[in-house]
Amino acid sequence: MNKHEHLSSVLQSVNTANGLPNAHYIDPDVFEEEKAAVLFANWSGIGFGKDVPEVGDAMPVDFLGMPLLIVRNKQGEVAVFQNTCRHRGMILVDKPKKIGGVIRCPYHSWCYALNGDLHATPHVGGPGHNMHEDIYKSDLGLLRIRSYVWRDVIFVNVDGQALEFEEVHADLMARWAEFEVPVHHGGPESSFKLEVATNWKLAVENYCESYHLPWVHPGLNSYSRLEDHYNIEELGKYSGQGTLVYRQLKGEGGEMFPDFEGLSEKWDEGAEYITVYPNVLLGVQRDHAFAIVLEPKACEQTVEHIELYYAQSSEDTPELADLRVKNAEQWKVVFEEDIFVVEGMQKGRHGAYFDGGRFSPAMDGPTHNFHHWVATQLTNRE
Amino acid sequence: MLTAHGAGDHMQLVHLYTQAADMREAAGEVDAACFFLTHAYVFALEQGAEEAVALNKRLADYGRAELIS
Ligand code: FES
Ligand SMILES: [Fe+2]
């Protein structure tokens, strides 16, 4: 019997399929397998460009145990390296900091430029001798991890084998081409972190569906009815949900956020919420957007990093500061309302007789689309 | 010097190590001078301080480092 026989029922059509079996949520071995086949083999989100705003900013990230270093290089671009010194393997940068010149390893002071080149190897040939005939600096630069920034999210392909980001996500990028304009992070109040006792996939699944809206977000649903939502599902690519009745937030004095420039009518009252597989949740609306990176801490533990973005910077629109706070609070309520479901589904998956569950053929297409994709990543590697 | 290390004042370290190097160099102790020059150079490099260029040149002149242009 092949190893992934049990996934064949996931790969059927939504009408008859079962969801991913319990092991995919509670078994540390399967978590390890998915780490390699799903999270390292694809383009996963690990952070945000706004966290390294200036040249020389460096931020270490532990991604599933893999030490990574995000830097903003001299060209102003984001680059990601393995955060491990090529000498004795010391962690190079252990907390966010500004690199004025080079990255100096705190152990024996080998120095790396922001482009990863090894610049100095003090005493490598003995005291006061900084060269050695067998040490070629050009072979010993920092190891670069493929990265791509889209909508301010920093994506990495750890195993280096994925197709180009722009190729993998061509359809989605085309779908949202109108939103290909600069986004401005709303500042500290527009940033929050939720720690949830769940496998990261359940956060994706809950995000993709609108089925739960009237039950879990009755406030949201009072103006956004179930029938005003539609499923978004592209087999093997992405999924999510859209709404036809997006309403802009208004302040006390009737003030609103300015729109992203050049949007077509479709977005007057339209908005879409899509998962960039595997672990990035994006939302686009006429006047603001958000990005959520799901950080899988452990098999049953996830941190949701939630960031709100606007068409104009906070510096340019100080009069909207209160509205930004109000907006962040409103979203926070929505995301917090989802915690008990993702944690509850996680607990439910310890029920040994649960079979992955059946989907609503009408409502759960986007969720099944994600399961299908995950199962495909696993079976493809046989 | 230990105070500057302790305080993480790396610009001060550049100066102190350079001074130490100058003294050893004046005494004709090239190895000791290069040891201190190396430290001055690394801390200058770390901060992107312009002193790094001259320090690198001094080390390179003694054949102790590649000249970084
Ligand atoms: S481990 Fe980094 S310089 Fe030795
Ligand atoms: Fe929800």
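Residues numbered from 1 in each chain as written. Chains lettered and ligands numbered in written order. Predicted model: local features only at pLDDT ≥ 70, side-chain atom pairs only at ≥ 80, totals over all residues. Heavy atoms only, no water.

- The name given to chain A in an unreviewed UniProt entry is Phenylpropionate dioxygenase, large terminal subunit, and the organism recorded there is Cognatiyoonia sediminum.
- UniProt's Cofactor (unreviewed entry) comment on chain A is quoted here verbatim: "Fe cation". (UniProt positions renumbered as here; feature names shortened; annotations may be inferred.)

1. Points about helix α4 (residues 51–61) of chain B
Think of an α-helix as 3.6 residues a turn; residues three or four steps apart then line up on the same face.
All names here are of chain B.
Here's step 1: Along α4, the residues classified as buried are A52, L55, N56 and L59. Looking down the long axis of α4, one finds its buried residues gathered within 100 degrees of arc, a one-sided arrangement. Structural note: α4 exposes V53 and D61 on the side pointing more than 90 degrees away from its buried face.
Here's step 2: In this structure, the buried residues of α4 make contact with α2 (10–26) and α3 (30–47).
Here's step 3: Just downstream of α4, G63 is the residue with a positive phi angle, here 70 degrees. (Buried < 20%, exposed > 50% of the residue type's maximum accessible area, 1.4 Å probe, protein only. Helix = DSSP H or I, 4+ residues; strand = E, 2+ residues; numbered from the N terminus. Arc of directions from axis to C-beta. Contact = heavy atoms within 4.5 Å.)

2. A closer look at the pattern of salt bridges
Here's step 1: Following the criterion strictly, the structure yields 21 salt bridges over all chains and no others.
Here's step 2: The salt bridge partner of R58(B) is D22(B), with a shortest N-O separation of 2.9 Å. Highlighted residues: R58(B) in helix α4 and D22(B) in helix α2, separated in sequence by 36 residues.
Here's step 3: In this structure D22(B) comes out as partly exposed when scored by relative accessible area, which is 34%.
Here's step 4: Here the salt bridges do not stand alone but share partners, grouping K50(A), D51(A) and E307(A) into one network. (Salt bridge = Lys/Arg side-chain N within 4 Å of Asp/Glu carboxyl O.)

3. With respect to the side chain of T243(A)
Here's step 1: Following the sequence through the fold, T243(A) ends up in strand β14 (residues 238–243).
Here's step 2: A polar contact of 3.1 Å, which involves the side chain of T243(A), links it to the backbone nitrogen of V245(A). (Polar contact = N/O pair within 3.5 Å; in protein donor to acceptor, adjacent residues only side chain to side chain.)

4. Overview of the interface of chain A and chain B
Size of an interface, as often reported, equals the accessible area lost when the parts are brought together.
Here's step 1: The partner chain B presents 19 residues to the 16 residues of chain A that form the contact.
Here's step 2: Here chain A and chain B share an interface that buries about 1,400 Å² over both sides, 59% of which is from carbon and sulfur atoms.
Here's step 3: Taken together, the links from chain A to chain B amount to two salt bridges.
Here's step 4: Put simply, chain A and chain B have 10 residue pairs in polar contact (both at pLDDT 80 or more) between them. (Buried area = accessible area lost by both parts, 1.4 Å probe.)

5. Quick notes on the environment of E307(A)
All names here are of chain A.
Here's step 1: Locating E307 in the fold gives a position in strand β18 (residues 301–310).
Here's step 2: When its relative accessible area of 4% is taken as the criterion, E307 is described as buried.
Here's step 3: Expressed as a C-alpha distance, the spacing of E307 and V168, which sit 139 residues apart in the sequence, is 24 Å.
Here's step 4: Beyond its immediate stretch of four places on either side in the chain, E307 contacts F48, K50, H185, S190, S191, A289, F290 and A291.
Here's step 5: At 3.2 Å, the side chain of E307 and the side chain of K50 are in polar contact.
Here's step 6: Side-chain polar atoms of E307 contact the side chain of H185, separated by 2.6 Å.

6. Some details on the pairing of strand β4 (residues 78–82) of chain A
All names here are of chain A.
Here's step 1: A large share of β4 lies buried, amounting to four of its five residues.
Here's step 2: Sheet topology note: the β4/strand β9 (residues 144–150) ladder contains two bridges and is antiparallel. Along β9, the bridge assignment pairs F81 with R144. (Pairing = 2+ DSSP bridges.)

7. Here's the deal with the UniProt feature "domain: Rieske" (unreviewed entry) in chain A
Here's step 1: The feature "domain: Rieske" (unreviewed entry), as annotated in UniProt, sits at residues 43–156 of chain A in this numbering.
Here's step 2: The span residues 43–156 of chain A is 0% helix and 39% strand, and its two end C-alpha atoms sit 5 Å from each other.

8. Quick look at the coordination of the iron ion (ligand 2)
Here's step 1: Around the iron ion (ligand 2), the donor atoms from the protein are H212(A) (NE2), H217(A) (NE2), D338(A) (OD) and D338(A) (OD), and they sit 2.1 to 2.4 Å away.
Here's step 2: Each of the four donor atoms around the iron ion (ligand 2) contributes to a set of angles spanning 56 to 145 degrees, which defines the coordination as irregular. (Donors = N, O, S within 2.8 Å, 3.2 Å for Na, K, Ca; no water. Tetrahedral: all angles 85-135°; square planar, octahedral: opposite > 155°, others 65-115°.)

9. Notes on the domain arrangement of chain A
Residue and element names in this part refer to chain A.
Here's step 1: Split into domains, chain A comes out as domain 1 (48–152) and domain 2 (176–379).
Here's step 2: Between the C-alpha centres of domain 1 and domain 2 there is a distance of 34 Å.
Here's step 3: Taken together, the eight residues of domain 1 in the interface contact 17 residues of domain 2.
Here's step 4: Carbon and sulfur atoms make up 63% of the area that domain 1 and domain 2 hide from each other, which totals about 1,100 Å².
Here's step 5: By the criterion of area lost to domain 2, the three top residues of domain 1 are F48, W150 and R151, representing 64% of everything that side buries. (Domains from an automatic or database assignment.)

10. Some details on the state of the cysteines
Residues and elements named next belong to chain A.
Here's step 1: For the structure shown, the criterion picks out zero disulfides over all chains.
Here's step 2: Here C111 is not disulfide-linked; the sulfur of C105 is the nearest cysteine sulfur, at 8.9 Å.
Here's step 3: Residue class for C111 comes out buried when judged on its relative accessible area of 0%.
Here's step 4: Among the cysteines around C208, which has no disulfide bond, C299 carries the closest sulfur, lying 19 Å off. (Disulfide = S-S within 2.5 Å.)

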